[in-house]
Amino acid sequence: MDFIPLSYAFALASVIFAGLFSFLLKVGAERSHGSAALNTVISLVSLACSLIGMLFIHEPFGWALLALAFVNGFMYIFGSIARSEALSNIDATLFFPLYKVTGPILVLTLAVAFLGERLTTVQWLGFFLAVAVPVLLIDKLESSRQKNLGKGIRFLLLSTAMIGGGTILSKLAMDRGADVFTFAAVAYFITILGTGAMHVRGNGTGVPGSWRDVVFIGTLAGVFQFLGFIAILYAYQTGPMGIAYAINSTYILIPIVLSIWYYGEHWNVRKAAAIALSVLAVVLLK
């Protein structure tokens, strides 16, 4: 039982940092900053933070763990860009509940299939409640309210698949004693190469505003992303992945509240009920 408080503490810290990071992605999308350019800045800052961490804490890192970090970074390249593109087409109040629910479902499914984790009866109940959440969030009016509902959902699912798969790789690396900061540095380095190449080729939207604003938002987001990633890696290292990931998934409440307050995004009882149900589902899935 000693590991539970420490794992919970790391998971809860990741909630705060991930929530602030996700809201800054929404800010970048609203200002029409290129997703590839913004994610390149974010990854550069996160890499710098990881390298600083390596100066103080460093442990042996084998080739197998290096390969896991490499693939993790590759998957995050496409997952993060898809997430930014999804936010450009649908409201945060729709994106984040769906993303939070589909993410844990995918991760838990992979954990059961490949890591030998098993669900209790209560957790299966949470699974089916989670599946029901999109029914509350998507109705006939929602399509007219969004910029492009179909495109946004497709990018959401792509982002979920890529980032969810990377989560499993992170857990495997942590279980094998990977150095947290080295793992993060390698993953961010690969991400920089990928998002940088995408930006050079001109993929994604442009950067119509000042580069100063892109760098400012990207720097803040990069620091929050780094802190959130390190916190969740330590949570994986000190406790079960299912519990840590379920707690981390509640970060969506932060960008939703901030988006409603700052951007005046649409809000109704239906969405409030969906968010409440999704939170209940995540609790049951722990």
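Everything numeric here is computed off the predicted structure, so don't read it as measured data.

Here the focus is the overall build of the chain. In terms of regular secondary structure, the chain is built from twelve helices and zero strands. In sequence order, the chain lays out its α and β elements as α-α-α-α-α-α-α-α-α-α-α-α. In the chain, once contacts between residues fewer than 6 apart in sequence are set aside, the share between residues at least 24 apart is 90%. Accessible surface computed for the chain: about 12400 Å², of which carbon and sulfur atoms make up 73%.

In this section: the pattern of salt bridges. According to the stated counting rule, one finds two salt bridges in the structure shown. A salt bridge links E30 to K26; the shortest N-O distance between them is 2.9 Å. Taken as a pair, E30 and K26 lie in helix α1 (residues 3–30) at a separation of four residues, close to a single helical turn. Residue classification places E30 among the partly exposed positions, given a relative accessible area of 34%.

Looking now at the packing of helix α3 (residues 63–87) against helix α7 (residues 149–175). Remark: α3 packs on α7, axes separated minimally by 8 Å, with the N-to-C direction vectors making an angle of 160 degrees. The angle between α3 and α7 falls in the class roughly antiparallel. Our pair here, α3 against α7, has a crossing hand that is left-handed. Tallied by class, residues from the contact of α3 with α7 come to 17 nonpolar, nine polar and two charged.

Before going further, it helps to examine the nonpolar core. Burial of nonpolar side chains together is a common tendency in soluble globular proteins. Core analysis: the biggest nonpolar cluster contains 66 residues, and F95, F96, M174, F183 and Y236 have the highest contact counts within it. Looking at this core, the elements with two or more residues in it are α1, α2 (35–56), α3, α4 (92–114), α7, α8 (180–200), α9 (211–238) and α10 (241–248). Take this core: its biggest share by element is eleven residues, from α9. Leaving out residues up to four positions away in the same chain, Y236 has contacts with T167, S170, K171, M174, D175, M241, A244 and Y245.

Glancing now at the packing of aromatic side chains. Within this structure, the stated rule accounts for eight aromatic pairs. Residues F23 and Y262 carry aromatic rings whose centres are separated by 6.2 Å and whose planes lie at 90 degrees to one another, so their mutual orientation is edge-to-face. With F23 in helix α1 and Y262 in helix α11 (residues 253–263), the pair connects residues that are 239 residues apart, well separated along the chain. Between W261 and Y262 the ring centres are 6.0 Å apart and the planes differ by 50 degrees, which places this aromatic pair in the tilted class.

We now examine the environment of P97. By secondary structure assignment, the location of P97 is in helix α4. C-alpha separation for the pair P97 and V279, spaced 182 residues apart in sequence, amounts to 8.9 Å.

Confidence in the prediction of the chain, expressed as mean pLDDT, is 79, and 84% of residues score 70 or more. Taking the mean pLDDT of every element in the chain, the minimum, 59, falls on helix α6 (residues 140–145) and the maximum, 91, on α9.

With that settled, consider the environment of S170. Looking at where S170 falls in the secondary structure, it is placed in helix α7. What makes S170 buried here is its relative accessible area of 2%. Counting along the chain gives 14 residues from S170 to A184, while the straight-line C-alpha distance between them is 9.4 Å. Ignoring anything within four residues of it in the chain, the contact list for S170 reads N72, F183, F229, L233 and Y236.

Our next topic: a nonpolar patch on the surface. Taken together, I52, L55, F56 and I57 make up a surface patch of nonpolar side chains, about 480 Å² in accessible area. Here I57 lies in the loop between α2 and α3.

All right, on to the side chain of T167 then. Tracing the chain through its elements places T167 in helix α7. Note on T167: relative accessible area 7%, which makes it buried. When residues no more than four places from it in sequence are discounted, the contact partners of T167 are N72, V107, Y236, M241 and Y245.

Moving on, we get to the environment of I52. Here I52 lies in helix α2. With relative accessibility at 48%, the residue I52 sits in the partly exposed group. Along the sequence, I52 and A185 sit 133 residues apart, while their C-alpha atoms lie 9.6 Å from each other.

Rules used in this analysis
- Residues numbered from 1 in each chain as written.
- Predicted model: local features only at pLDDT ≥ 70, side-chain atom pairs only at ≥ 80, totals over all residues.
- Heavy atoms only, no water.
- Helix = DSSP H or I, 4+ residues; strand = E, 2+ residues; numbered from the N terminus.
- Contact = heavy atoms within 4.5 Å.
- Areas by Shrake-Rupley, 256 points an atom, 1.4 Å probe, with all protein chains shown as cover.
- Salt bridge = Lys/Arg side-chain N within 4 Å of Asp/Glu carboxyl O.
- Buried < 20%, exposed > 50% of the residue type's maximum accessible area, 1.4 Å probe, protein only.
- Axes fitted to C-alpha atoms, helices over the stretch in contact; angles between N-to-C directions.
- Parallel < 35°, antiparallel > 145°, perpendicular 65-115°, else oblique.
- Left-handed = near helix turned anticlockwise from the far one by under 90°.
- Nonpolar A, V, L, I, M, F, W, Y, C, P; charged D, E, K, R; others polar.
- Core = buried A, V, L, I, M, F, W, Y, C linked by side-chain atoms within 4.5 Å.
- Phe/Tyr/Trp six-rings, centres within 6.5 Å; stacked < 30°, edge-to-face > 60°.
- pLDDT = per-residue confidence, 0-100.
- Patch = residues over 30% accessible without salt bridge, like charges linked within 9 Å, V, L, I, M, F, W, Y side chains within 5 Å.

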